[in-house]
Amino acid sequence: MAAALGRGALLLILLLPPNRAAEPSVEPAAGSEAPPETRAAAQERPRSGPAPVTDVAKLCVCDLLVAQCDVNCCCDPDCSADEFSLFTTCSVPVVTGDSRLCSQEAAVYSLDVEANPPERIFQLIDQVNPSIFCIHATNYKEALSFSSPEMPTAENFDQLLKQFGSAAFSAEPASWDMNTDAQNLSDANETYRYEYGVPVQTEDAFLRLPSPVVSSWCSDANPAGFLVSQATKCTRSVSVEKCDDIPAVSMLFYINSSILAVPESSQMVNITVQSIVVQSLNGTRTLLNDSDVLRLPMILDELCINIVLGVSYHITYTDAGEIIEAAAAFVLGAINKEALSIQQSFEVSFTQVNTTPVPLSGNPGYVVGLPIRAGFRPRGSGIIQNANKHGQLTILRSTSNQDCLAAQGARAPVLFGYNMISGCQLRITAATKCQPLTQTLLDLLKGQSFPEYVASFGNSQAQDVLDWVPITHLHTPEQSSCQIPVSLEIEVKWTKYGSLVNPQARIVNVTATITTTTLKQLPSGRERTIPVTSSVVFIDISSPAEPGYKAWPTINVKLPFDFFFPFV
């Protein structure tokens, strides 16, 4: 029975957390309760993991038993000198901290078997890392280990949500042991500029772009990143009685802080009001002419007007990473007493100075439903495109009366992935001449300016001519004296480019085929109706995906020249 109890007790001890000394537990007597102060202190005490151990003299990876000596574990603090004398070897002879350090302290354990009785030898040495890729110095040793974060409780949840609930937060400690003089000297010689993704700084913090975090409610701690175009929507709690006291529904909240032209500079760029649109309770929007007037929330006839429903920032920058202009477009609205919350939308966009934004149809591959990008190429220059992205590659648009002469000028954009067909009816009389009619029908089918090149990708740049595919023109005439065009067929061949996980649509060939028919001379007083059609078809020519394998390695064996000596 005693042996069984001993084994059971040993099993219970092994289940306890290691490396912690046994703590005495005191149970209250029956019928007694803990004082209220003790219960309150226990509830307010934050639960966190143990502090990371960085002293190598206190580290012991072979210490598995609690309050007991582990066999051959020379770093076990629970072992006495008598127990060390019974050891045959040290299972862990060297204990170090982080192996990435160039030079660090190491604890070395060994046994002096010649002594009587044998004893353990402990010494601290400086160990040098032979690798050239190592950490020379660290100003925060705890960062090299995984420390347990603070456990959320009902008391500290709001504080943790405020600290870590935003889209971006700092995980750095409150104080760093750094050489501030050397840092300031290096900063003085550095030229600051905005880089991609760096938060746009203001005189008090950064440019706010509210966004939902944990739920759909707005968090004002989301910074706008440089050259990162974003669009967010979130919900904000409001009430008519306190609408003029909520900063986030006022225009002043979004334009009162000037933007720093470059990080850590004293040059400021004020945020100007570009436009103000007022939205009524039924959703009707009106553009105001006097956008210079600051409209603050105010209560009027049980309504709160001039509530900010949307903000769109537009920032202009230079190629040197400097912000030179910032503007904001507002959408203001009104709420009544029944409204408990509003939905706000925020957007930020960036444009380089002295450049015109080019509308894209994908990045990089085409997106289904967006217009095909096309243009012309003069000799010795890049691709010239129409400013209207819906007018770069078009076909004839059908009208209700199906009259071709009345349909001149009506065009429909060619949208990627959409097969289209349209047409009209042409009435021909005996007085119709062949040559003028041919030119009229060509203008009707092709439009006033049919492009020469089509972009292979949705984001192909105009200066990269090799990223544009020339349009191949085919003509299928009939053997006759008078041929008039009656149809235009555009065939677009595309393929899936890139990874199988996220393939991108790429146009590889575009063919425009004109079909003609014979125009016969009609008797006097007779008429004839000819159908004229335009069509676009997209053909996927992607080859089926095949798994690829590396070639088997070849074994190149060379025998020494005297391998068969003395037989050969």
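Residues numbered from 1 in each chain as written. Predicted model: local features only at pLDDT ≥ 70, side-chain atom pairs only at ≥ 80, totals over all residues. Heavy atoms only, no water.

(A) Structural detail: the overall build of the protein chain. Helices and strands together make up the secondary structure of the protein chain, namely seven helices and 26 strands. Looking at the protein chain as a whole, 33% of its 568 residues qualify as buried. Split by element, the accessible area of the protein chain, about 36,500 Å² in all, is 55% carbon and sulfur. (Helix = DSSP H or I, 4+ residues; strand = E, 2+ residues; numbered from the N terminus. Buried < 20%, exposed > 50% of the residue type's maximum accessible area, 1.4 Å probe, protein only. Areas by Shrake-Rupley, 256 points an atom, 1.4 Å probe, with all protein chains shown as cover.)

(B) Molecular detail of empty space enclosed by the protein. In this structure the tally under the stated criterion is one cavity of 30 Å³ or more. Lining the largest cavity, in full, are Thr202, Asp204, Phe206, Leu207, Arg208, Phe253, Tyr254, Ile255, Asn256, Ser257, Ile271 and Tyr313. Looking at which element gives the most residues to the lining of the largest cavity, the answer is helix H6 (residues 252–255), with three residues. When grouped by side-chain class, the residues that make up the lining of the largest cavity number seven nonpolar, three polar and two charged. (1 Å grid on protein atoms, 1.4 Å probe; cavity = no way out; pocket = protein on both sides within 12 Å on 5 of 7 lines; lining within 4 Å. Points joined across faces, edges and corners; volume = space filled by probe spheres on them. Nonpolar A, V, L, I, M, F, W, Y, C, P; charged D, E, K, R; others polar.)

(C) Fine view of the sheet that holds strand E22 (residues 453–455). The mixed open sheet is built from eight strands, whose spatial order is E18-E17-E22-E23-E25-E24-E26-E21. Because the sheet does not close on itself, it has two edges, and the strands there are strand E18 (384–385) and strand E21 (420–429). The pairing of E21 with strand E26 (residues 527–540) spans ten bridges and is classified as antiparallel. Across the sheet, cysteine 424 pairs through a bridge with valine 532, a residue of E26. Across the face of the sheet, helix H7 (residues 434–446) comes into contact with E21, strand E23 (468–476), strand E24 (483–497), strand E25 (504–518) and E26 while running at roughly 25 degrees to E24. (Pairing = 2+ DSSP bridges. Contact = heavy atoms within 4.5 Å. Axes fitted to C-alpha atoms, helices over the stretch in contact; angles between N-to-C directions.)

(D) Seen up close, the state of the cysteines. Counted according to the given criterion, the structure contains nine disulfides. Here cysteine 218 engages in a disulfide with cysteine 234; their sulfurs sit 1.9 Å apart. Its torsion about the S-S bond being 95 degrees, the disulfide of cysteine 218 and cysteine 234 is classed as right-handed. Of this pair, cysteine 218 sits in strand E7 (residues 218–219) while cysteine 234 sits in strand E8 (residues 230–237), and the two are 16 residues apart along the sequence. Exposure class is identical for cysteine 218 and cysteine 234. Each is buried. (Disulfide = S-S within 2.5 Å.)

(E) Quick look at the sheet that holds strand E2 (residues 94–96). Here three strands make up an open sheet; going across it, the order is E2-E3-E4 and the pairing antiparallel. Here the strands that pair on one side only, and so sit at the sheet edges, are E2 and strand E4 (119–128). Between one strand axis and the next, the sheet turns through 20 degrees on average, direction left out of account. Both strand E3 (residues 103–112) and E4 contribute to a ladder of ten bridges, which runs antiparallel.

(F) Geometry of the side chain of serine 460. Position of serine 460 among the secondary structure elements: in the loop between E22 and E23. At a separation of 3.1 Å, a polar atom in the side chain of serine 460 contacts the main-chain amide nitrogen of phenylalanine 457. Each residue touching serine 460, except ones within four places of it in the same chain, is listed here: Arg373, Ala455, Asp467 and Trp468. (Polar contact = N/O pair within 3.5 Å; in protein donor to acceptor, adjacent residues only side chain to side chain.)

(G) Main features of the side chain of threonine 518. Within the fold, threonine 518 resides in strand E25. A polar contact is formed between the side chain of threonine 518 and the side chain of glutamine 483, at a distance of 3.3 Å.

(H) Looking closely at the packing of aromatic side chains. The tally for this structure, following the rule as stated, stands at twelve aromatic pairs. Relative to phenylalanine 538, the ring of phenylalanine 416 has its centre 5.4 Å away and its plane inclined at 70 degrees; by these criteria the two rings are edge-to-face. Of the two residues, phenylalanine 416 is situated in the loop between strand E20 (411–413) and E21 and phenylalanine 538 in strand E26; the sequence distance between them amounts to 122 residues. The two residues phenylalanine 416 and phenylalanine 538 agree in class, both being buried. (Phe/Tyr/Trp six-rings, centres within 6.5 Å; stacked < 30°, edge-to-face > 60°.)

(I) Local environment of the nonpolar core. Formed by 41 residues in total, the largest nonpolar core has its most connected members in Ile372, Val454, Ile484 and Ile507. Elements that contribute at least two residues to this core include exactly strand E19 (394–396), E21, H7, E22, E23, E24, E25 and E26. In terms of residue count, the dominant contributor to this core is E24 (six residues). Ranked by size, the runner-up nonpolar core spans 33 residues in total, among them Leu207, Tyr313, Ala328 and Phe350. (Core = buried A, V, L, I, M, F, W, Y, C linked by side-chain atoms within 4.5 Å.)

(J) Here's a closer look at H7. Along its 13 residues, H7 runs 18 Å from first to last C-alpha, staying within 8% of the 18 Å computed at 1.5 Å per residue. Of the residues making up H7, those classed as buried are Leu437, Thr438, Leu441, Leu444 and Leu445. Seen end-on, H7 carries its buried residues on one side only, within an arc spanning 130 degrees. Where H7 ends, the next residue or the one after it, glycine 447, has phi of about 85 degrees, a positive value. (Expected span 1.5 Å × (residues − 1). Arc of directions from axis to C-beta.)

(K) Representation of unusual backbone geometry within the structure. The peptide bond linking asparagine 116 to proline 117 adopts the cis configuration, its omega dihedral lying at 0 degrees. Note on placement: proline 117 falls in the loop between E3 and E4.

(L) A look at the pattern of salt bridges. With the rule as written, the count across this model stands at four salt bridges. A salt bridge links arginine 208 to aspartate 204; the shortest N-O distance between them is 4.0 Å. A residue is classified by how much of its surface remains accessible, and aspartate 204, at 46% relative accessible area, is partly exposed. A salt bridge links arginine 427 to glutamate 527, with the shortest nitrogen-to-oxygen separation between them at 3.9 Å. (Salt bridge = Lys/Arg side-chain N within 4 Å of Asp/Glu carboxyl O.)

(M) Broad picture of the confidence of the model for the protein chain. For the protein chain, the mean per-residue pLDDT works out to 80, and 82% of the residues sit at or above 70. Confidence over residues 174–189 falls short of pLDDT 50; this stretch has six contacts with residues more than four positions distant or in other chains. (pLDDT = per-residue confidence, 0-100.)

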